[in-house]
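Analysis of the macromolecular model
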Amino acid sequence: MNIGIVLYPTYGGSGVVATELGKYLAKKGHKIHFITYSQPVRLGSFRENITYHEVTVSDYPLFDYEPYETVLASKMVDVAKHENLDILHVHYAIPHASAAFMAREILKSQGISIPFVTTLHGTDITLVGKDPSFEPVITFCLNQSDAVTSVSESLKNDTYKHFKTECDIQVIPNFIPVNRLKPIDLEVRRRFAKDEEPIFCHISNFRKVKRVQDVLKMFGLVNDQKKSQLLLAGDGPERYSLEVLCRELDLCDRVTFIGKVRDTQHVLEMADIFVLPSETESFGLAALEAMAQGVPVISSNTGGIPEVNVHGETGFMSEVGDVEDMAKNALYILKDEETLNQFKRGAYERAKDFDIGKVVCQYEVLYSKLLNL
Ligand code: GMT
């Protein structure tokens, strides 16, 4: 199939999922056309069956706000016509679904019929989407999409709760390539921690919704009992206040701000515990990425996280903000090597349920159904 994938190219989870989906489908022989405004971070170098089409908005002085959605829709029309796309798959509803709707209608007016699939990722529904300034457009686009998928049951339920739509939403969970675990590179690990010190890790875009302050607070409580190290990977609006809190909690020699990393695997390989205390999380791809490296997860119990993290098996979940409980659970996992290894195994085995090979075929079946293949 010739598939156009529209995505955010940045470090966010929806972009990562869309890029990995495209890369995997390309390996299976499909022709993939990524359409977005800059090279997707996880795309890497040249690959067979993959083309990247850049959307460029001109900075005409009249525009206070660049008309990205219009240019994106035009690019979709252009790629669909000249690359003979069979289907468009847009990740994250805003503004990709409305641009896809416009593209589909333009193409229809020219006698070309191309369906589009909208995949909901989370904040497009739970934070941004339900804002009244977006709501009518999102509702319309959900109803107009040829198929709608969501990355968890929780997100599907949230969509029905916040939007007046009767569209059929198919849950296709996020996925990850689960590879064999590599032995820890002790030389690298020793740059961050002594052998007897556990390494905690958190990776995100440091937005408020991630509650990274809770990571520091729970880590401080753990560190009082058991000297540990914390690696914070990523960057975003909360970075400065996190650095301030780190100083206030007197944790500077225990916490490393790594900044943005393209390949999180190398950080996760060193970690003993991953922390995800988010306010809301439709799925928690970062937790799944940790589990695929055999890292147990201490998380909140919000949104779709319970569909990924199994309490008492792959880690533990606590109420949002309950940093004492999170610290207690982390100390339980770290109480001895046998318990830690048991949780590491549990996390790794659970990740296999979301292996890319098991999940991506569900998208292929969906595309075939829409194309009557
Ligand atoms: O929250 C982020 O880090 C970014 C955001 C995105 O759309 O890029 O993530 C959302 O989509 C991910 C991939 O499906 C999910 O794993 C995240 O849980 C979801 N984030 C939220 O719901 C807050």
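Look above for the structure.
A few points on the structure. Values in this document were obtained by computation on a predicted structure and should not be read as measured data. (Residues numbered from 1 in each chain as written. Predicted model: local features only at pLDDT ≥ 70, side-chain atom pairs only at ≥ 80, totals over all residues. Heavy atoms only, no water.)

Topic: unusual backbone geometry
A cis amide bond links Ile94 to the next residue, Pro95, at an omega of -15°. Mapping Pro95 onto the fold places it in helix H3 (residues 93–109). The phi dihedral of Tyr92 falls on the positive side, at around 80°, and the residue is not glycine. By secondary structure assignment, the location of Tyr92 is in the loop between strand S4 (87–91) and H3. A residue is classified by how much of its surface remains accessible, and Tyr92, at 13% relative accessible area, is buried. (Helix = DSSP H or I, 4+ residues; strand = E, 2+ residues; numbered from the N terminus. Buried < 20%, exposed > 50% of the residue type's maximum accessible area, 1.4 Å probe, protein only.)

Structural notes on the nonpolar core
Across soluble globular proteins, you tend to see nonpolar side chains buried next to one another. Membership of the largest hydrophobic core comes to 90 residues, with the highest contact counts inside it found for Met76 and Phe274. The dominant element in this core, judged by the number of residues it contributes, is H3, at eight residues. When residues of this core are sorted by domain, at least three fall in each of domain 1 (2–175 + 355–370) and domain 2 (186–354). Those residues in contact with Phe274 that lie beyond four places of it in its chain are Cys201, His202, Ile203, Leu268, Ala286, Ala287, Ala290, Val295, Pro296, Val297 and Ile298. Membership of the second largest hydrophobic core comes to 28 residues, among which are Leu232, Leu242, Phe257 and Val275. (Core = buried A, V, L, I, M, F, W, Y, C linked by side-chain atoms within 4.5 Å. Domains from an automatic or database assignment. Contact = heavy atoms within 4.5 Å.)

Some details on the sheet that holds strand S5 (residues 116–120)
Spatially, seven strands are ordered S3-S2-S1-S4-S5-S6-S7 in an open sheet, and the strand pairing comes out parallel. Only two strands of the sheet have a single neighbouring strand rather than two, namely strand S3 (50–54) and strand S7 (169–171). Each strand of the sheet is rotated relative to its neighbour by a mean of 25°, with strand direction disregarded. The pairing of strand S6 (residues 147–150) with S7 spans three bridges and is classified as parallel. Within S7, the residue paired with Thr149 across the bridge is Gln170. This element, helix H2 (residues 68–82), spans strand S1 (2–6), strand S2 (31–36), S3 and S4 of the sheet and lies at about 160° to S2. (Pairing = 2+ DSSP bridges. Axes fitted to C-alpha atoms, helices over the stretch in contact; angles between N-to-C directions.)

Some words on the pairing of S1
Here is the key point about a regular strand: its side chains alternate between the two faces of the sheet. By the criterion of burial, S1 is predominantly enclosed, with five of the five residues buried. In S1, alternate side chains face the same way, and those of Asn2, Gly4 and Val6 on one face and Ile3 and Ile5 on the other are all buried. The pairing of S1 with S2 spans five bridges and is parallel. Residue Ile3 lies in a different strand from S2, and its bridge partner there is Ile32. Between S1 and its parallel partner S2, the chain crosses via helix H1 (residues 13–27), and the hand of that crossover is right-handed. Judged from the four bridges that link them, S1 and S4 form a sheet pairing that is parallel. Of the residues in S4, the one forming a bridge with Val6 is Val90. (Right-handed = clockwise from strand over helix to strand, strands pointing away.)

Observations concerning the site of the ligand
The environment of the ligand is made up of 18 residues, and the closest members are Ser14, His121, Arg207, Glu281 and Ser282. A distance of 2.8 Å separates an oxygen atom of the ligand from a polar atom in the side chain of Asn174. One nitrogen or oxygen atom from the side chain of Asn205 is found 3.1 Å from an oxygen atom belonging to the ligand. Isolated, the ligand exposes 490 Å² of accessible area, and the fraction of that covered by the protein chains is 93%. For the shell around the ligand, a count of residues per class yields four nonpolar, eleven polar and three charged. Looking at which domains feed residues into the shell around the ligand, each of domain 1 (2–175 + 355–370) and domain 2 (186–354) supplies at least three. (Near = heavy atom within 4 Å. Polar contact = N/O pair within 3.5 Å; in protein donor to acceptor, adjacent residues only side chain to side chain. Areas by Shrake-Rupley, 256 points an atom, 1.4 Å probe, with all protein chains shown as cover. Nonpolar A, V, L, I, M, F, W, Y, C, P; charged D, E, K, R; others polar.)

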